[in-house]
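Fold and geometry: a report
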Amino acid sequence: MGGRRAEETTLSEVSELAEQEFEANPFGPHHDPVGSDPIKGAEQNPTDQPELVQLLTPEGERVEHPDYAIDLSAEELQALYRDLALVRRIDVEATALQRQGELGIWASLLGQEAAQIGAGRALQPDDMAFPTYREHGVAWCRGIDPMSIIGLFRGVDSGAWDPIETKFNLYTIVIGAQTLHAVGYAMGMQRDGGQGACLAFFGDGATSQGDVNEAFIFAAVFDAPVVFFCQNNQYAISEPIEKQTRIPLYRRASGFGFPGIRVDGNDVLAVLAVTRRAMEAARSGQGPTLIEAYTYRMGAHTTSDDPSRYRLASEMEAWKLKDPNERLKAYLVRSGQADAAFFEAIEAESDELAARIRKATVEMPDPEPASMFDNTYAEITPELAEQRDTFLAYQAGFSDEASHA
Amino acid sequence: MGGRRAEETTLSEVSELAEQEFEANPFGPHHDPVGSDPIKGAEQNPTDQPELVQLLTPEGERVEHPDYAIDLSAEELQALYRDLALVRRIDVEATALQRQGELGIWASLLGQEAAQIGAGRALQPDDMAFPTYREHGVAWCRGIDPMSIIGLFRGVDSGAWDPIETKFNLYTIVIGAQTLHAVGYAMGMQRDGGQGACLAFFGDGATSQGDVNEAFIFAAVFDAPVVFFCQNNQYAISEPIEKQTRIPLYRRASGFGFPGIRVDGNDVLAVLAVTRRAMEAARSGQGPTLIEAYTYRMGAHTTSDDPSRYRLASEMEAWKLKDPNERLKAYLVRSGQADAAFFEAIEAESDELAARIRKATVEMPDPEPASMFDNTYAEITPELAEQRDTFLAYQAGFSDEASHA
Amino acid sequence: MNTVTLGKALNMGLRKAMEDDPKVLLMGEDIGKLGGVFRITDGLQKDFGEDRVIDTPLAESGILGTAVGLAMRGFRPVVEIQFDGFVYPAYDQIVCQVAKLHARSRGRLPMSIVIRIPFGGGIGAVEHHSESPEAYFAHTAGLKVVACSNPVDAYWMIQQAIAHPDPIVFFEPKRRYWEKAELDPDATPEPLFASRLVREGSQVTVLAYGPMVKTALQAASAAEEEGISVEVLDLRTVSPLDMGPVLDSVRRTGRCVVVHEAPSNLGLGAELSARITEACFYDLEAPVLRVGGYDTPYPPSKLEEDYLPDLDRVLEAVDRSLAF
Amino acid sequence: MNTVTLGKALNMGLRKAMEDDPKVLLMGEDIGKLGGVFRITDGLQKDFGEDRVIDTPLAESGILGTAVGLAMRGFRPVVEIQFDGFVYPAYDQIVCQVAKLHARSRGRLPMSIVIRIPFGGGIGAVEHHSESPEAYFAHTAGLKVVACSNPVDAYWMIQQAIAHPDPIVFFEPKRRYWEKAELDPDATPEPLFASRLVREGSQVTVLAYGPMVKTALQAASAAEEEGISVEVLDLRTVSPLDMGPVLDSVRRTGRCVVVHEAPSNLGLGAELSARITEACFYDLEAPVLRVGGYDTPYPPSKLEEDYLPDLDRVLEAVDRSLAF
Ligand SMILES: Cc1ncc(C[n+]2csc(CCOP(=O)(O)OP(=O)(O)O)c2C)c(N)n1
Ligand SMILES: Cc1ncc(C[n+]2csc(CCOP(=O)(O)OP(=O)(O)O)c2C)c(N)n1
Ligand SMILES: [Mg+2]
Ligand SMILES: [Mg+2]
């Protein structure tokens, strides 16, 4: 069967490779097959390496970037840290609740806090966000009660928040579909004089879906006020990023004629700065931007997943050194912008939040059975009403007499 | 409703604009919104203009290109001219037959002869071609009887040729679907040690389909031996290329990590040279290339279409100066590689071919009615056999007694 | 009163809907300058501008996906799918998003989208241009599915569909685009989700929708000459079904034939047969019979007359029903 | 003889098929190192290599479209769709290419593709993970559709499907993946497109497939305790239907209930009802009754027990049938 492709390297070889490259190039193991291709077309020999916008090193040192300045007060920095810490706590608590059987499943954001808070805090009131199923951090920034999200994963509904009021769309589980919704919504903003822009979230795996690429096309052709925010957490469930692309994802945008940029997704300041700028460009009529937030899924894909089947612990260890929360904490401490009391207060607030979540989850009522007939249509159809009535009569029968079983 | 987008320019304004730019930049009216975008990511400021590979000027002058040399004998050049002339004649004849009611519809290749013959003659025996519905010129190169194609448009079948034997897939009418088939077939070649590569044809409009972009992704990720050949004939039915993309199409490839190149699609020598090279790269394990053959649909989209609704005659006039057939003819004459007798012989051969087509079309038998039940499955299912038997009995009834109507 | 074709009636209905509500947008391939390949949107871009009559990139999923976003924002997108066979790239957006977002959001997200699909055969076209995919949509909870059969309905139904809050797949009988009728724009239309008795009869009920209504009526006329009295209903709404008039009729006639172009297996005839039989078990003199396309891909056009139900096949089924 | 789960039986069947024919390839998301989210392909990439067990990009249309190309080249791709609700992006490739290429090419292009879809509810999942889309495929000429209900069938049917020349949508009852049975790999399997009588009875015939076979059998046991004799057929093949055993049974019992999880409207129950009524019109004591999912989107999992047919709803229909 061989064929032309290189023989499969073993798992340990892959990981060795990855780790070697990891040292040499912190921005990922991708080389540039375009540059070295023997067929030479115009503009096919970029010499620059993927550039990663970073404002805070993994060690918590503040660095400058020529294009992306940010100047935040101690309070603002503390607020960001609070966000990071609290959404992590929500996540930890939800994961625990799933383990205890309270939730059907949970999709953890562990490791992606900075990407989500940086993006979420770049949103302005008129903007509209389109999440996948993992953007609990963005939801937090939009003021969504974590219980609404937990309810979804518990199976009581598909998300209890009001997507119009909160300007945070419902979670979309079919990979990539929401990117087109974001473009359409942005086209609506163009047409009704809206002042905002859309921020569309998706993963590295999602970039392979036709829908996401069509979203790029529509956005570019219509100059739609939308920013595409790809959290490249290195995996689509078990598949490493190499199964989706040959080259860094941010470069996809150039093929569609709009800017793409890679940002250190574990650096909340850089994500905030880059997203702000892209959203501002979108709001002011300059069309779409693709942001690739380069990050890492520190947990399993969901609580149903077992990452030990497909990745090595050492990879995780390397990424732990880049922990987004620790990074900001180190900076706050190092620069004297937060003291022990601050962190203790956050810790206490986290504990409270966790306790509230635990209690509210366990007490969350099941939905009314007949509610499943509601909202299929704006007004129930006669035939569906008949099904509902039969169902209700059938249910009533059970409360009266003993069941067959 | 205004919104942020520029007010619509009127039809005549558009055409003026187009013609102004036409003079200034023979490679099309596309500017480069990436380069001037205020958000500066890595590698987002290409300075080069779209480069168009050309070996023969519209006036029929032979020019050199640093990367694409070609050296053909007078016989070879004459053979190419014969191809161009004969496929044009097939096309003209089929169009006439449609007008006479002999065909349901016809999709003309007028103006795209060089793109198709250049690509078709780059194919080697092991290669496999995946056409859309307009590649009559490529079919010709693969030795397909024009009557097989005419039969499809007459409505007797969906293409009578053997796609495996001729290495020319059936026409695919759902836009873009065949590009994935080409990638899959190429993955098969990788797996069974095949020596060829696939050549996937599609139009400018097709580049907007999810399938085509997914084909780019699969080809890139699997390093599949496939070349994507886009005939940018400036229109998808009535929609000009600006409705599909902001930037030149060949650049799409760079976003997926493989080379893209724009070739003068009305220059058969350049198309041949560029396609040969890309196919050779694919065959030798270097993965996909995107070729954009920049050309023009000189006829209507199909015989059902009325281009006067959406484009100006002057645009056509401008493109007539770039006629692919005239161009090679001018070169042959100018360089003394063909004389009047040669062109007369081709003319005579064309007349014969046209006569054969006319006769064969008019005489083409209708298919057997019951044949519609064949080949739905490898072996007819009992329930379908029952439907067929009922149908046959019902038909037999008609030959016996008078019909109700 | 003017005499208009079905295609023109749709065009007039679309124009009226756009005048009535500035949130109505048209989207699709070639619907602008060209006016659509069937000219249904002829002149509308000129009068309402490119922002409201949008020539989209060639990507059906993109069209439906952006329509979803526009609907979320309060617009009422009316999407044209160029031909029946090209709706499938958008199937995911239709089934998972358009159909489900109202329920997913518990009514918070409006999803007022009309998906116009010219459907059915009989125009001598190549593959994918003659299909009848309505059952796929009727089986999808959250969608509504209607089909017009004549110019008057076309004019009113398209406006009603656009004004309706739920997503509607709107099937247009493409081979009837050129059929004419008198249209009175001041008349009071019938409701959208109502079936209509179009010819009274006493012996057999024939149910049809879209292009087959004309065929059914022709069959009824032919039957009359043979002394058989056939009642014809134009279903108009395919999902939800308006069973009232259907059951009334079948209870009277005791016999029923369902006609559609779509393949028989799991076509609308199956559902109608199941419901009618359950509701009229003791009234039926014969099983509900089905006249549909065969369970093969739509054939090359030289064979379509053999494939498509015609008045002879309808009459044959009427005879079979009467023979029970 | 070993005791195996349904999931393991599929895994063994796939392995056997790959050993028997080097042209068999597996394709899908996460089917390699992970072995698929349900572990159905566990260990196969390790043993057959990345060229034969292919982790694809996350794009269902891409998966099916490349599978078509591989099939043209003579391979036999077996495609895994991760969950029922994620097949729709591939719908166009399935309906317009996979289903039609054999006919389009007049038999010249082999299209031996198996599309494996874990389907149905009952596992407490979020949206799109519990659907039953089989009717969409059964309505599509050119496809065949089967569903296994137990480990023994799973083992044989997957091998038979892979060896079969036509494209087959192979539904796996995901909530039964962990059900166990004795498997004898030396036994002679039943044919793929054959229904099977799984419990004899005299009063009412219950038809089911996939996950609902177990439910139907439970209902039959419960009915027996009440003195009602229920016959159960496992359809196994959903398209083409194997009507012989069905009609035999219904002619004997005179009553029939069809059970499936899919929404009732235009579900398999509709087609079975139509065919049975036409064929057994004078034998039926009651109309064919249907027990299906309701015509709503699949509800949040806390409500799925209310949504899904269970033995009580089957019994209720049996009672209703007997009351006619
Ligand atoms: C259309 C579709 N196919 C498959 C799935 C199953 N699935 C759920 S998440 C996932 C991986 C997504 O990866 P990525 O886009 O990188 O996002 P991440 O989960 O890493 O945040 C897959 C394949 C799905 N939800 N939708
Ligand atoms: C999926 C799909 N949508 C719509 C159509 C209808 N249609 C046929 S050709 C065409 C335009 C194609 O344009 P392009 O790709 O540029 O190819 P060209 O016809 O110019 O060669 C359209 C929209 C189709 N065949 N398939
Ligand atoms: Mg990911
Ligand atoms: Mg074109």
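Cut-offs and rules
- Sequence order sets the numbering: in each chain, residues are counted from 1 along the sequence as written.
- Numbering of ligands from 1 and lettering of chains from A proceed in the order in which they are written.
- Local features in this predicted model are restricted to residues whose pLDDT is 70 or higher, and side-chain atom pairs enter the listing and the counts only when it is 80 or higher, whereas totals over whole chains, interfaces and linings include all residues.
- The side-chain quantities take in all heavy atoms of the structure and omit both hydrogens and water.
- Helix and strand definitions here come from DSSP, where helices need a minimum of 4 consecutive H or I residues and strands a minimum of 2 consecutive E residues; each element is numbered from the N-terminal end.
- Exposed residues in this analysis have more than 50% of their type's maximum accessible area, buried residues have under 20%, and partly exposed residues fall in between, with area computed by a 1.4 Å probe over protein chains only.
- Here, residues are in contact when the closest pair of their heavy atoms is within 4.5 Å.
- In short, Shrake-Rupley with a 1.4 Å probe defines the accessible areas, and a residue's cover is counted only from the protein chains shown.
- Here, proximity means that at least one heavy atom of the residue falls within 4 Å of the molecule or strand.
- We define a polar contact as two N or O atoms separated by no more than 3.5 Å, with the added condition that, inside protein, one atom must be a possible hydrogen donor and the other a possible acceptor, whereas residues neighbouring each other in sequence contribute only through side-chain atom pairs.
- A least-squares superposition brings the copies together, and it is based on the C-alpha atoms of residues with pLDDT no lower than 70 in both.
- By convention a nonpolar core is built from buried Ala, Val, Leu, Ile, Met, Phe, Trp, Tyr and Cys residues, the set being connected through side-chain atoms within 4.5 Å.
- Keep in mind that water is not among the atoms, so a site may look incomplete; donors are the N, O and S atoms within 2.8 Å of the metal, or 3.2 Å for Na, K and Ca.
- Think of the arc as the fan of directions from the helix axis to the C-beta atoms.
- Each domain span listed reflects an automatic or database assignment of domains.
- When two components associate, each loses some accessible surface as probed by a 1.4 Å sphere; the sum of these losses over both components is called the buried area.
- Definition used for salt bridges: Asp or Glu carboxyl oxygen within 4 Å of a side-chain nitrogen of Lys or Arg.
- Under the grouping applied here, Gly and all other residues not named as nonpolar or charged are polar, the nonpolar ones being Ala, Val, Leu, Ile, Met, Phe, Trp, Tyr, Cys and Pro and the charged ones Asp, Glu, Lys and Arg.
- What makes two strands pair is DSSP finding at least two bridges between them.
- Only the stretch in contact is used when fitting a helix axis, every axis being a line fitted to C-alpha atoms; angles between N-to-C directions are given from 0 to 180 degrees.

**Brief notes about the overall build of chain A**
When helices and strands are counted, chain A shows 14 helices and 8 strands. Counting over 405 residues, chain A shows a buried share of 63%. Put simply, of all contacts in chain A between residues at least 6 apart along the chain, 74% involve residues at least 24 apart. Of the roughly 14,100 Å² of accessible surface on chain A, 51% is carried by carbon and sulfur atoms.

**Digging into the site of ligand 2**
Close contacts around ligand 2 come from 20 residues, with Tyr133, Arg134, Ile173 and Gly205 of chain B together with Glu60 of chain C the closest. At ligand 2, the nearby residues belong to more than one chain, namely chains B and C. Within the backbone of alanine 206 of chain B, one N or O atom sits 2.9 Å away from an oxygen atom of ligand 2. Against a free-state accessible area of 580 Å², the protein chains account for coverage of 95% of ligand 2.

**Some details on the side chain of histidine 181 of chain A**
Within the secondary structure, histidine 181 of chain A is located in helix 7 (residues 177-192). Within polar-contact distance, the side chain of histidine 181 of chain A engages the side chain of glutamine 93 of chain C at 2.8 Å. When near neighbours in sequence (up to four residues on either side) are disregarded, histidine 181 of chain A contacts Phe130 of chain A together with Gly65, Val68, Gly69, Met72, Gln93, Gln97 and Leu101 of chain C.

**Some details on the relation of the copies chain D and chain C**
Laying chain D over chain C is done by rotating through 180° and shifting 0.0 Å along the axis; what remains is an RMSD of 0.0 Å. Given the turn and translation reported, the copies of this chain are related as if by a two-fold rotation axis. Among all C-alpha atoms of chain D, that of alanine 270 of chain D lies closest to the rotation axis, at 2.5 Å.

**Overview of the nonpolar core**
Grouped together as the largest cluster of nonpolar side chains are 404 residues, with contacts concentrated most on Phe228 of chain A, Phe228 of chain B, Phe137 and Ile276 of chain C together with Phe137 and Ile276 of chain D. Every residue in contact with phenylalanine 228 of chain A, bar those within four places of it in the chain, is listed here: Thr179, Val183, Ala200, Phe202, Ala215, Phe216, Ala219, Phe258, Pro288, Thr289, Leu290 and Ile291 of chain A.

**So, the side chain of serine 61 of chain D**
One can find serine 61 of chain D in helix 3 (residues 60-72). Accessibility expressed as a relative area gives 4% for serine 61 of chain D, which makes it buried. Excluding residues within four positions of it along the chain, serine 61 of chain D makes contact with Leu180, Asp211 and Glu214 of chain B together with Pro89, Ala90 and Gln93 of chain D.

**Examining the coordination of the magnesium ion (ligand 3)**
Residues and elements named next belong to chain A. The magnesium ion (ligand 3) binds to the protein through Asp204 (OD), Asn233 (OD1) and Tyr235 (O), with metal-donor distances spanning 2.1 Å. Along the chain, the residues donating to the magnesium ion (ligand 3) fall in the pattern D-x28-N-x1-Y. Highlighted residues: aspartate 204 in the loop between strand 3 (198-203) and helix 8 (210-222) and tyrosine 235 in strand 5 (residues 235-236), separated in sequence by 31 residues. Aspartate 204 sits in the buried class, given a relative accessible area of 1%. A relative accessible area of 8% means that tyrosine 235 is categorised as buried.

**Focus: helix 12 (residues 324-334) of chain B**
In an α-helix, one turn spans 3.6 residues; hence positions three or four apart end up facing the same way. Residue and element names in this part refer to chain B. For helix 12, the set of buried residues is Pro324, Asn325, Arg327, Leu328, Tyr331 and Leu332. One side of helix 12 holds all its buried residues, which, seen down the axis, span an arc of 165°. A distance of 2.7 Å separates the backbone nitrogen of asparagine 325 from a side-chain oxygen at the start of helix 12, and that oxygen is part of aspartate 323. Trailing helix 12 by a residue or two, glycine 336 shows a phi angle of about 70°, which is positive.

**Some words on the domain arrangement of chain C**
All names here are of chain C. Under the domain assignment, chain C is made up of domain 1 (2-183) and domain 2 (196-323). Listed per partner, the contact involves 26 residues of domain 1 and 24 residues of domain 2. Carbon and sulfur atoms supply 51% of the area buried between domain 1 and domain 2, which totals about 1,900 Å² over both sides. Per-residue buried area on domain 1 facing domain 2 is highest for Glu134, Arg175 and Arg176; these three make up 22% of the total on that side. Counting across the domain 1 and domain 2 interface gives 4 salt bridges.

**As for the coordination of the magnesium ion (ligand 4)**
Within the first shell, the magnesium ion (ligand 4) binds the protein through Asp204 of chain B (OD), Asn233 of chain B (OD1) and Tyr235 of chain B (O), at distances of 2.0 to 2.1 Å. Here the donor residues of the magnesium ion (ligand 4) share one chain and are spaced in sequence as D-x28-N-x1-Y.

**Focus: the interface of chain D and chain C**
In this complex, chain D contributes 48 residues to the contact, which on the side of chain C involves 48 residues. Note on chain D versus chain C: buried area summed over both sides is about 4,200 Å², and carbon and sulfur give 61% of it. When the area that chain D buries against chain C is broken down by residue, the three leading residues are Tyr136, His139 and Leu266 of chain D, summing to 18%. The interface formed by chain D and chain C contains 8 salt bridges. The closest approach of N and O atoms between arginine 320 of chain D and glutamate 278 of chain C, which form a salt bridge, is 3.3 Å. If you look at where chain D meets chain C, you find 20 residue pairs in polar contact (both at pLDDT 80 or more). Residue contributions to the side of chain D that touches chain C peak at 8 residues, all from helix 10 (residues 268-279) of chain D. In terms of residue class, the side of chain D that touches chain C is made up of 25 nonpolar, 11 polar and 12 charged.

**Focus on unusual backbone geometry**
Between serine 239 of chain C and proline 240 of chain C the backbone carries a cis peptide bond, its omega angle lying at 0°. Structurally, proline 240 of chain C can be placed in the loop between strand 12 (237-239) and helix 9 (243-253). For lysine 167 of chain B, which is not glycine, the phi dihedral falls at a positive 55°.

**Focus on the site of ligand 1**
Taken together, 20 residues are adjacent to ligand 1, and Tyr133, Arg134, Ile173 and Tyr235 of chain A together with Glu60 of chain D come closest. The site occupied by ligand 1 is bordered by residues of chains A and D. The side chain of glutamine 82 of chain D places a nitrogen or oxygen atom 3.4 Å from a nitrogen atom of ligand 1. The protein chains hide 95% of the 580 Å² of surface that ligand 1 would expose on its own. By residue class, the composition of the shell around ligand 1 is 10 nonpolar, 6 polar and 4 charged.

**A look at the sheet that holds strand 8 (residues 289-294) of chain A**
Residues and elements named next belong to chain A. Pairing is parallel in the open sheet, where 6 strands are placed in the order 1-7-8-4-3-2. One side of each edge strand has no neighbouring strand; the edge strands of this open sheet are strand 1 (52-53) and strand 2 (128-130). One ladder, built from 6 bridges, connects strand 4 (residues 226-232) with strand 8; its direction is parallel. Its bridge partner being in strand 8, phenylalanine 229 is matched across the sheet by isoleucine 291.

**Describing the sheet that holds strand 5 (residues 114-119) of chain C**
Residues and elements named next belong to chain C. A sheet is described by the order of its strands in space; here 7 strands give the open sequence 3-2-4-5-7-6-12, paired in mixed fashion. Every other strand in the sheet has two partners, leaving strand 3 (53-55) and strand 12 as the edge strands with one partner each. Neighbour-to-neighbour, the strand axes of this sheet turn through a mean angle of 20°, independent of strand direction. For strand 5 and strand 7 (residues 168-173), the ladder comprises 6 bridges, and the chain directions are parallel. Residue pairing for strand 7: arginine 116 is matched across the bridge by phenylalanine 170. Its contacts with the sheet put helix 1 (residues 6-20) on strand 2 (24-28), strand 3, strand 4 (76-80), strand 5 and strand 7, and the angle it makes with strand 2 is roughly 135°.

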